[in-house]
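Below, each chain spelled out in residue letters.
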Amino acid sequence: RMPSREKGTSRSPFKNDEIDMLWNNIGRMDFIDTILIMIYTGLRPGELVLIKNSDIPLRERHMRGGIKTPSGKNRVIPINKKIHSLIKNRMNDKNEFFVANTDGRQMSYYTYYDCKFKPVMEQLRMSHTPHECRHTFATLMDNAGANKLSIKRIMGHASQDITDDVYTHKDVEELIKAIDLI
């Protein structure tokens, strides 16, 4: 079962040495790439398992996905240059979904958490939830000095500032520039 979190409970982003450990174990452990993909895209774990291969125009360095809120649905999510090859390697023309189960069909969030994410955390002796990948993304983007509006758009957060609403269509190139800061 997924750990429950009370509202207001602090989340712990991955530390830089933990991110390095994930990179150092690519190829040694299945699905470690999906953890890095969440860290470098800000995708929610529930969003990751819903993305279809057809939602990823790889040459254009972005994907479409998102759930939960009107600003989060079907948003443009730029692909950081560091994870471009991870995404390319995971894409499979035989499967409809980007993250598929062993039958090539859509994987449930709970299967992803119990059978993929949790074993990686246990093997690497890390204590994180899938949602902490998203928190890590926000932290990395903020620490890199990324434009606040770009961070909001990538993560699918609605803008609270009326002046931000004037910019209703953030250029994909701007989002790619922002994401490449991390």
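Model, not experiment: these values are computed from the prediction.

Those residues of helix α1 (residues 16-24) lying buried are Glu18, Ile19 and Leu22. Angularly, the buried residues of α1 cover 100° about the axis, an arc narrow enough to put them on a single face. What points out from α1, more than 90 degrees from its buried face, is the exposed set Asn16, Asp17 and Asn24. Looking at the buried residues of α1, the elements they touch are α2 (32-41), α5 (109-123) and α6 (131-143).

So, about the pattern of salt bridges. This model, assessed by the stated rule, comprises 8 salt bridges. Each of Arg44, Glu47 and Arg75 takes part in a single network of salt bridges with overlapping partners.

The subject of this paragraph is the confidence of the model for the protein. Detailed reading of the predicted coordinates is not advisable wherever pLDDT falls low. Put simply, the protein has an average pLDDT of 86, and 84% of its residues get 70 or more. Across residues 1-8, confidence stays below pLDDT 50; counting only partners more than four residues off in sequence or on other chains, it has 10 contacts. In the predicted structure, residues 162-170 sits below a pLDDT of 50 and forms 13 contacts with residues beyond four places in sequence or in another chain.

Rules used throughout
Residues numbered from 1 in each chain as written. Predicted model: local features only at pLDDT ≥ 70, side-chain atom pairs only at ≥ 80, totals over all residues. Heavy atoms only, no water. Buried < 20%, exposed > 50% of the residue type's maximum accessible area, 1.4 Å probe, protein only. Helix = DSSP H or I, 4+ residues; strand = E, 2+ residues; numbered from the N terminus. Arc of directions from axis to C-beta. Contact = heavy atoms within 4.5 Å. Salt bridge = Lys/Arg side-chain N within 4 Å of Asp/Glu carboxyl O. pLDDT = per-residue confidence, 0-100.

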